[in-house]
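# Topology and contacts: notes
As a plain string of letters, each chain reads:
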Amino acid sequence: MMDKKTLLENGLLEQYLLGELNAKECEQIEQFLASDTELKTYFDQLEQDFETLGLENAITPPSAIKSQLLDTITSSSGTSKVVELKPNTNSKWYLGIAASVAALLLVGSFWLYNQLNEVKQQLKTVENEKTELNDKLNELNQQIEDETALFATLVHPDTEQYILKGNTLIPNGKVVSYVNHETKSVVINTERLPELDAEHDYQMWADVEGEMINMGVISKDSNLMAMNYIDHAESLNITIEPAGGNDHPTVEKLVTNIYLN
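Remember, it's a predicted structure, so these values are computed and weren't measured experimentally.

Tallied over the entire structure, the rule returns one cavity of 30 Å³ or more. One number sums up the size of the largest cavity: a volume of about 60 Å³. Where the lining of the largest cavity is concerned, the elements lending two or more residues are helix H4 (37–55) and strand E2 (174–180). Its residues assigned to classes, the lining of the largest cavity shows two nonpolar, three polar and three charged.

Okay, here's the thing in structure tokens:
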């Protein structure tokens, strides 16, 4: 029989969100959500985090690559005239013909040189666009891997959720953290953190036997992100530090913390 403990430990809420349960199981979960305020709050936060994960990064498609290079290079052909030479033709006449042929060869060579340069430029353009496309694909693949890792932590049945509420420095601030000691991963949702100016950043710390260990600087560009997992952490803490982070926490700028179970 389904109960609240089974529902949480087996990731049934996550499966419900993903549409993986049958009609009877969905009906039971909806009854739980209607009667349990704490469970409904947890579910609403989980639903919001799933949505954030799906919509976090809008991807602009790359510019179209040219479908083909220059198919053909136009070649010209002329009709050669056969000139019957008379035995007593003046030598200057021969020189005139030779000069005309040389001029034609020079014009033809110049045209071919321009065509070759044009093709080289088009090849260079396509090569640059190919490089840009490869870079974009690599970036996209890395983004997919990162978001897959975030998603895996959120839906893992051993993941624990902790709510870090802001103190007097950020009274309306709140951070939702997801900690998994089995996979050694930490994901946080910082949507409710007040914005800081360009000279300051939030930084997360783990308290291990009285020593604050850096878990990473919290990005200003993303609401859902992975932080460094620290073994044997007794609490999670967030401070305001100079931009780029600090090598030790500024205690008087501690804005929120929570003790782990």
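Burial runs high along strand E4 (residues 200–208): eight of the nine residues are buried. In terms of strand pairing, E4 meets strand E7 (residues 235–242) through eight bridges, oriented antiparallel. Residue Met204 lies in a different strand from E7, and its bridge partner there is Ile238. Pairing of E4 with strand E5 (residues 211–217), which is carried by six bridges, proceeds in the antiparallel orientation. In the strand pairing of E5, Gln203 is matched with Val217. The hairpin turn running from E4 into E5, its antiparallel successor, is two residues long, and Glu209 in that turn takes a positive phi close to 50°.

Turning our attention to the sheet that holds strand E1 (residues 160–165). Strand order in the open sheet made by the four strands is E1-E2-E3-E6, with antiparallel pairing throughout. The open sheet has two edge strands, E1 and strand E6 (224–227), and neither has a second partner. Going across the sheet, the axis of each strand differs from the next one's by a mean of 25°, ignoring polarity. Bridge count between E2 and strand E3 (residues 185–189): five bridges; the pairing is antiparallel.

Looking now at the layout of surface pockets. Computed from the structure, the largest pocket encloses a volume of approximately 590 Å³. Together, 19 residues line the largest pocket, and Leu8, Glu38, Tyr42, Glu160 and Gln161 are the ones closest to its centre. Elements with a minimum of two residues in the lining of the largest pocket: helix H1 (4–9), H4 and E1. In terms of residues, the lining of the largest pocket owes the most to one element, H4, which gives five residues.

In a beta sheet, neighbouring strands are held together by backbone hydrogen bonds and run either parallel or antiparallel to one another. Strand order in this open sheet of four strands is E5-E4-E7-E8, and the pairing throughout is antiparallel. Edge positions in the sheet fall to E5 and strand E8 (254–259), since each of these pairs with one other strand and no more. Neighbouring strand axes in the sheet, compared pairwise and without regard to direction, differ in orientation by 30° on average.

Taken as a whole and assessed by the stated rule, the structure comprises three salt bridges. Lys220 is the salt-bridge partner of Asp201, the closest N and O atoms lying 3.4 Å from each other. Taken together, the positions of Asp201 in strand E4 and Lys220 in the loop between E5 and E6 put the pair 19 residues apart, joining distant regions of the chain. Taking the relative accessible area as the measure of exposure, Asp201 reaches 10% and is therefore buried.

About the criteria used
- Residues numbered from 1 in each chain as written.
- Predicted model: local features only at pLDDT ≥ 70, side-chain atom pairs only at ≥ 80, totals over all residues.
- Heavy atoms only, no water.
- 1 Å grid on protein atoms, 1.4 Å probe; cavity = no way out; pocket = protein on both sides within 12 Å on 5 of 7 lines; lining within 4 Å.
- Points joined across faces, edges and corners; volume = space filled by probe spheres on them.
- Helix = DSSP H or I, 4+ residues; strand = E, 2+ residues; numbered from the N terminus.
- Nonpolar A, V, L, I, M, F, W, Y, C, P; charged D, E, K, R; others polar.
- Buried < 20%, exposed > 50% of the residue type's maximum accessible area, 1.4 Å probe, protein only.
- Pairing = 2+ DSSP bridges.
- Axes fitted to C-alpha atoms, helices over the stretch in contact; angles between N-to-C directions.
- Salt bridge = Lys/Arg side-chain N within 4 Å of Asp/Glu carboxyl O.

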